[in-house]
Amino acid sequence: MPRREVRDLSNTRVPDTRLLMLDKDCVVDPSWLKRYRELIKLVLKFYGLTPTAIRITPSRNKGFHVRIYLNKAVPAEEANMLDWLLGDDAPRVDFNRARIEAGFDEWCKLFEAPRG
Amino acid sequence: MTERRKPKKKPKPKRPARLYRMTISTFWYNEDTHQLSEYEAHFKIPRRGDIRHVRRKLAEKGLGHFKRWLKREDKTWKPEEQYRKIKVAFEKERYARKEAAYASVRRFVMRRVKRRWVAKELPVGKMRYTKKRPKKVAKKRSTRSIKHSGS
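So, here is what we can say about the structure in this document. All values derive from a computational prediction rather than experimental measurement.

Here we take up the interface of chain B and chain A. Listed as interface residues are 18 residues of chain B and, on the opposing side, 14 residues of chain A. Of all the secondary structure elements, the ones that give two or more residues to the side of chain B that touches chain A are helix H1 (51-73), strand S3 (86-90), strand S5 (102-113) and strand S6 (116-128) of chain B. The dominant element in the side of chain B that touches chain A, judged by the number of residues it contributes, is S6(B), at 6 residues. Of the residues that constitute the side of chain B that touches chain A, the class distribution is 8 nonpolar, 2 polar and 8 charged.

This is the structure:
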């Protein structure tokens, strides 16, 4: 499979990231999550990346939050593109893109309720 | 008789300082500019203490701060109109080294331009979290002039 090259950074103000955070607003069968992990590995491999850990936790209202730790840092724009490819919430991706363009270093937001 | 010394109480271990990250946002359709606008403020502050307590207090203070700021920033915004809901959300806490009295606030305005969101950063601000301590003013001593009677 041909590997894609990492695009040049157009916005250098926002630091690179090794963490992808996704929001999946859908409750699915646990067996599907196993498939989803496999899909994540495949997609990342296509872009020359490897996940060091994949954490899936239930979200505040419905669905799941997915945290993917990468073996190397990627530019923020590419991280947002990977989020979209892996099925992140679409309006969230658009908001994140706008935040990156504005130079906000904490562009990726995942809101959580306190434990306990 | 020898007096029994009371055993010294062990000081309670301090709760760890945590970095709290809160986002307050609201959006509405601005009829003057015919645009959908979204204002958001991102608060960051390291604090010690119970997470629920700190979150509640931070939300209360942050809401007031956000409303005051929004009134200054956008004259068309009216808090009494119910459909303009304000959303408060927290991210997962991180460990921090020490706590601070002020929260840093980064503000953005998002506008819908050609079917895309465009963000613009507004001036950075800060919000006081702790109460102001009243200044201790030393009372002036009343000076009485004492007349010495000459001998």
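Back to the write-up after that little detour.
Residues and elements named next belong to chain A. Closest axis-to-axis distance for the helix H2 (residues 76-85)/helix H3 (residues 90-102) pair is 10 Å, and the angle between their directions is 175 degrees. With respect to each other, H2 and H3 are oriented roughly antiparallel. Listed contacts from H3 to Ala76, Glu77, Asn80, Asp83 and Trp84 of H2 are Val93, Asn96, Arg97 and Ile100.

We now examine the environment of A:Ile100. All names here are of chain A. Following the sequence through the fold, Ile100 ends up in helix H3. You can call Ile100 buried: it has 22 C-beta atoms within 10 Å. Measuring from C-alpha to C-alpha, the distance between Ile100 and Asn80 comes to 9.0 Å, with 20 residues separating the pair along the chain.

What follows covers unusual backbone geometry. Glycine aside, residues mostly have negative phi angles, and peptide bonds mostly take the trans form. Residues and elements named next belong to chain B. Positive phi values are uncommon outside glycine, yet Lys114 reaches one of about 50 degrees. Take Lys114: it is sitting in the loop between S5 and S6. At Arg115, a residue that is not glycine, the phi angle is positive and equals roughly 65 degrees.

This brings us to the sheet that holds strand S1 (residues 17-24) of chain A. Residues and elements named next belong to chain A. Strand order in the open sheet formed by 3 strands is S1-S3-S2, and the pairing between neighbours is antiparallel. One side of each edge strand has no neighbouring strand; the edge strands of this open sheet are S1 and strand S2 (51-58). In this sheet, adjacent strand axes meet at a mean angle of 20 degrees when their direction is disregarded. Pairing of S1 with strand S3 (residues 64-74), which is carried by 7 bridges, proceeds in the antiparallel orientation. Within S3, the residue paired with Asp23 across the bridge is His65. The sheet strands contacting H2 are S1 and S3, and the helix crosses S1 at an angle near 30 degrees.

Thresholds, definitions, all that
Residues numbered from 1 in each chain as written. Chains lettered and ligands numbered in written order. Predicted model: local features only at pLDDT ≥ 70, side-chain atom pairs only at ≥ 80, totals over all residues. Contact = placed C-beta atoms within 7 Å. Helix = DSSP H or I, 4+ residues; strand = E, 2+ residues; numbered from the N terminus. Nonpolar A, V, L, I, M, F, W, Y, C, P; charged D, E, K, R; others polar. Axes fitted to C-alpha atoms, helices over the stretch in contact; angles between N-to-C directions. Parallel < 35°, antiparallel > 145°, perpendicular 65-115°, else oblique. Buried ≥ 20, exposed ≤ 12 C-beta atoms within 10 Å, placed from the backbone. Pairing = 2+ DSSP bridges.

All we've got here are geometric facts, nothing functional implied.
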